[in-house]
Amino acid sequence: MMEQEEARKKELEFQIQFKEAIQAVSAALNTGYSVENAFREAQTELKLIYPADARISRELLVIIRQLRMHISIEQILEEFAFRVQTEDVRNFVTVFAAAKKSGGNMIGIIQNTVSQIGDKIDVKREIDTILASKRYEFRVMSAVPYAIIGYMSLSFPEFMDSLYGNVLGIGVMTVCLVIYMGAYYLGVRLIRIEV
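Predicted, not measured: the structure shown is a model, and the values here were computed from it.

The rules we used
- Residues numbered from 1 in each chain as written.
- Predicted model: local features only at pLDDT ≥ 70, side-chain atom pairs only at ≥ 80, totals over all residues.
- Heavy atoms only, no water.
- Core = buried A, V, L, I, M, F, W, Y, C linked by side-chain atoms within 4.5 Å.
- Buried < 20%, exposed > 50% of the residue type's maximum accessible area, 1.4 Å probe, protein only.
- Helix = DSSP H or I, 4+ residues; strand = E, 2+ residues; numbered from the N terminus.
- Contact = heavy atoms within 4.5 Å.
- Salt bridge = Lys/Arg side-chain N within 4 Å of Asp/Glu carboxyl O.
- 1 Å grid on protein atoms, 1.4 Å probe; cavity = no way out; pocket = protein on both sides within 12 Å on 5 of 7 lines; lining within 4 Å.
- Points joined across faces, edges and corners; volume = space filled by probe spheres on them.
- Polar contact = N/O pair within 3.5 Å; in protein donor to acceptor, adjacent residues only side chain to side chain.
- Expected span 1.5 Å × (residues − 1).
- Bend = angle between axes of the 7 residues up to and from the residue.
- Axes fitted to C-alpha atoms, helices over the stretch in contact; angles between N-to-C directions.
- Parallel < 35°, antiparallel > 145°, perpendicular 65-115°, else oblique.
- Left-handed = near helix turned anticlockwise from the far one by under 90°.
- Nonpolar A, V, L, I, M, F, W, Y, C, P; charged D, E, K, R; others polar.
- pLDDT = per-residue confidence, 0-100.
- Phe/Tyr/Trp six-rings, centres within 6.5 Å; stacked < 30°, edge-to-face > 60°.
- Lys NZ or Arg CZ within 6 Å of the ring centre and 35° of its normal.

Peer 1: Lay out the nonpolar core with the relevant residues and their values.
Peer 2: Membership of the largest hydrophobic core comes to 37 residues, with the highest contact counts inside it found for Phe39 and Phe96. Looking at this core, the elements that each hand over two or more residues are α1 (2–30), α2 (35–49), α3 (55–68), α4 (73–84), α5 (87–102) and α6 (106–155). Ranked by the residues each element gives to this core, the list is headed by α1, at 9 residues. When near neighbours in sequence (up to four residues on either side) are disregarded, Phe96 contacts Val35, Phe39, Ile73, Leu77, Met106 and Ile110.

Peer 1: Please provide a residue-by-residue account of the pattern of salt bridges, values included.
Peer 2: On inspection of all chains with the given rule, the structure shows 4 salt bridges. Of the charged contacts, one joins Lys120 and Glu87 as a salt bridge, the two residues approaching to 3.4 Å between their closest N and O atoms. Taken together, the positions of Lys120 in helix α6 and Glu87 in helix α5 put the pair 33 residues apart, joining distant regions of the chain. Judged by its relative accessible area of 25%, Lys120 falls in the partly exposed class. As a salt-bridge pair, Lys134 and Glu137 come within 3.6 Å of each other at their nearest N and O atoms. A residue pair is termed a helical-turn pair when its members lie 3 or 4 positions apart in one helix, as Lys134 and Glu137 do in helix α6 at 3 residues.

Peer 1: For empty space enclosed by the protein, give the residues involved together with the corresponding values.
Peer 2: Scanning the model with the defined rule gives 2 cavities of 30 Å³ or more in all. Contributing to the lining of the second largest cavity are Phe18, Ala21, Ile22, Phe39, Ile56, Leu60, Ile63, Leu77, Phe80 and Phe92. Listed by contribution, the elements that provide at least two residues to the lining of the second largest cavity are α1, α3 and α4.

Peer 1: Just give me the short version of the environment of Gln85, but keep the residues and values in it.
Peer 2: Mapping Gln85 onto the fold places it in the loop between α4 and α5. Of the residues examined, Gln85 reaches a relative accessible area of 47% and is grouped as partly exposed. With 48 residues separating them along the chain, Gln85 and Ser133 place their C-alpha atoms 30 Å apart. A distance of 2.7 Å separates a polar side-chain atom of Gln85 from the backbone oxygen of Phe82.

Peer 1: If you had to explain α6 to someone new, which residues and values would you point to?
Peer 2: Three- or four-residue spacings in an α-helix give side chains the same orientation, since the helix completes a turn every 3.6 residues. In this model α6 runs 73 Å from its N-terminal to its C-terminal C-alpha over 50 residues, within 8% of the 74 Å that 1.5 Å per residue would give. Where α6 bends most, at Val144, the angle is about 30°, and the proline Pro145 comes one to four residues later. Among the residues making up α6, those that are buried are Met106, Ile110, Thr113, Val114, Ile117, Gly118, Ile121, Leu131, Arg135, Phe138, Ser142 and Met152.

Peer 1: Any chance you could break down the side chain of Glu59 for me, citing the residues and the numbers?
Peer 2: Mapped onto the elements, Glu59 comes out in helix α3. Not counting the four nearest positions on each side in its chain, Glu59 is found in contact with Phe80, Arg83 and Val84.

Peer 1: For the packing of α4 against α5, give the residues involved together with the corresponding values.
Peer 2: At a closest axis distance of 9 Å, the pairing of α4 and α5 adopts a crossing angle of 170°. It follows that α4 is roughly antiparallel to α5 by the angle criterion. Crossing hand, α4 versus α5: left-handed. Packed against α4, whose contacting residues are Ile73, Glu74, Leu77, Glu78, Phe80, Ala81 and Val84, the element α5 presents Val89, Arg90, Val93, Phe96, Ala97 and Lys100 at the interface. Among the residues forming the contact of α4 with α5, the class breakdown is 9 nonpolar, no polar and 4 charged.

Peer 1: Before we move on, could you go through the confidence of the model for the chain and cite the residues and values that matter?
Peer 2: Taken as a whole, the chain shows an average pLDDT of 83; of its residues, 97% reach a score of 70 or greater. Taking the mean pLDDT of every element in the chain, the minimum, 78, falls on helix α7 (residues 157–164) and the maximum, 88, on α3.

Peer 1: I'd like a rundown of the packing of aromatic side chains, residues and numbers included.
Peer 2: The final tally for this structure, using the stated rule, is 7 aromatic pairs. Where Tyr146 meets Tyr180, the ring centres are 5.8 Å apart and the plane angle is 85°; that geometry is what we call edge-to-face. Here Tyr180 lies in helix α8 (residues 167–191) and Tyr146 lies in helix α6, a separation of 34 residues in the sequence. The exposure class of Tyr180 is buried, given its relative accessible area of 18%. Among the aromatic residues, those joined into a cluster by ring pairs are Phe14, Phe18, Phe80 and Phe92. One Lys or Arg, Arg55, reaches over the ring of Phe14 and ends 4.2 Å from the middle of that ring.

Here you go:
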């Protein structure tokens, strides 16, 4: 579960990096750069923000190297989408390639993509915050029955004898344990929901 959480954090981090990269490309296109030079300018800008070992820095370096070899930007971006295997990147590359072929408004398309990715990141953060609080509540509520039984055992041992000292009490507490185990299993399943 920790590995999945770490993978989700890295994925969200890359989404933010990618959003900033295409914002930089959009800004460069606004100032009159060609698409290829806009990616070069974006890489220069992002060097100031991210270290060389950041995922987006490495990917932009690969893109710039491929541009130097005069590979078409469409092919470069398709390879980029294949390497990163992210839905946002695939969608951007698909729309970008279609707009480039049809002569669409590149700046508008890129700005729209940035807006959509930003909205998606914000929604994911809100959901993650809500899920984190629910996970904490679940952990607390899972410990409450043990705390109550421990308190009752120490404070009122004669009451606990009536619960565990006869067949009827053992039966009732066994049913309670089964219900608790079912609720715990259901709770674990609910807090593992992927967004």
